[in-house]
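These are the residues of each chain, in order.
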Amino acid sequence: MLMGLFDRSIKVSDSSVLDGRVDWHCHILPGVDDGFKKLDDSLAALLRYEQVGFKEVWLTPHIMEDIPNRTSALKERFVELGLAYKGQLRLHLASENMMDALFEQRLEDGDLLPLKDKRLLVETSYFNPPYGMDDILKRIKSKGFFPLLAHPERYMYMNNKRYEELKGMDIEFQLNITALIGAYGPEVKSKAEHLLQAGMYEYSGTDLHRLSSLEHLLDAHLKKKLIKLIP
Ligand SMILES: [Fe+2]
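Since the structure is predicted, the reported quantities are computational estimates derived from the model, not experimental observations. (Residues numbered from 1 in each chain as written. Predicted model: local features only at pLDDT ≥ 70, side-chain atom pairs only at ≥ 80, totals over all residues. Heavy atoms only, no water.)

A. Quick peek at the overall build of the protein chain. Secondary structure assignment for the protein chain yields nine helices and 11 strands. Taken over the C-alpha trace, the protein chain has a radius of gyration of 18 Å; the compact-globule value for 231 residues is 17 Å, and the two agree within 12%. Judged by the C-alpha coordinates and their principal axes, the protein chain covers about 60 × 45 × 25 Å. Of the contacts formed within the protein chain by residues at least 6 apart in sequence, a portion of 79% connects residues at least 24 apart. Total accessible area on the protein chain is roughly 11,300 Å²; 53% of this is exposed by carbon and sulfur atoms. Counting 31 positive and 35 negative side-chain charges, the protein chain places the centres of these two groups 4 Å from one another. (Helix = DSSP H or I, 4+ residues; strand = E, 2+ residues; numbered from the N terminus. Rg over C-alpha atoms; globule rule 2.2 N^0.38 Å. Contact = heavy atoms within 4.5 Å. Areas by Shrake-Rupley, 256 points an atom, 1.4 Å probe, with all protein chains shown as cover. Lys, Arg positive; Asp, Glu negative; His and termini not counted. Charge placed at Lys NZ, Arg CZ, Asp CG, Glu CD.)

What follows is the structure, given as structure tokens:
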């Protein structure tokens, strides 16, 4: 019986899930949000990323009213990190944008840090949608960007009907891989499994705030059938 169990799951560090992977969402840029604080810790994390197979990392610090990072300051910090980092990973700068009033202003000003191909990583509160969420998503598109919703599995107010609606509006979804190992609790885990099996995710990321979360991921077991589906 145990044999069967192990047959269907594999330790993440023994799998090839991270080989050649792009992390589309992390908070490794140091000293700019609730993620990494010190440059040395960021460099250690990037070294570890390389060891476990990643090839490319998008650094996506928060921009929100509570953490009103300026685009220019983030670019400067990114240059500093790039000068200190001597490894092989390809590093890029983008941002994770809370859809609040500050975001509306930055969108109006065109003062944004998108991911590849004008994808804009956006998030909401875990508890409530922003007022007029669909209008905000439409405005993003009207400015020529493509909204990529960060960790949809984490929004407690979203149900299957809402996920379907967003997909109907051509909104792309980004999975937090650690949701699959229960890092945010059983409900988020089951939502992530459902969305993954329904083929609703286009991108994935770690949303890493500290290195220990990556080590937890590496030590955890994942179902092989789910690993195959991670975009
Ligand atoms: Fe994040």
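B. Structural detail: the environment of Glu 96. Considering the arrangement of structural elements, one finds Glu 96 in strand S6 (residues 96–98). A relative accessible area of 1% places Glu 96 in the buried class. Each residue touching Glu 96, except ones within four places of it in the same chain, is listed here: His 25, His 27, Thr 60, Pro 61, His 62, Ile 63, Leu 121, Glu 123, Ala 150, His 151 and Asp 207. Here the side chain of Glu 96 touches His 151 through a polar contact of 3.1 Å, side chain to side chain. (Buried < 20%, exposed > 50% of the residue type's maximum accessible area, 1.4 Å probe, protein only. Polar contact = N/O pair within 3.5 Å; in protein donor to acceptor, adjacent residues only side chain to side chain.)

C. Representation of the coordination of the iron ion in the model. The iron ion binds to the protein through His 25 (NE2), His 27 (NE2), Glu 96 (OE) and Asp 207 (OD), with metal-donor distances spanning 2.0 to 2.2 Å. Considering all four donor atoms around the iron ion, the spread of angles at the metal, 83 to 173°, places the coordination shape in the irregular class. Each donor residue of the iron ion belongs to the same chain, with the gaps between them written as H-x1-H-x68-E-x110-D. Of this pair, His 25 sits in the loop between strand S2 (22–23) and helix H2 (39–51) while Glu 96 sits in strand S6, and the two are 71 residues apart along the sequence. (Donors = N, O, S within 2.8 Å, 3.2 Å for Na, K, Ca; no water. Tetrahedral: all angles 85-135°; square planar, octahedral: opposite > 155°, others 65-115°.)

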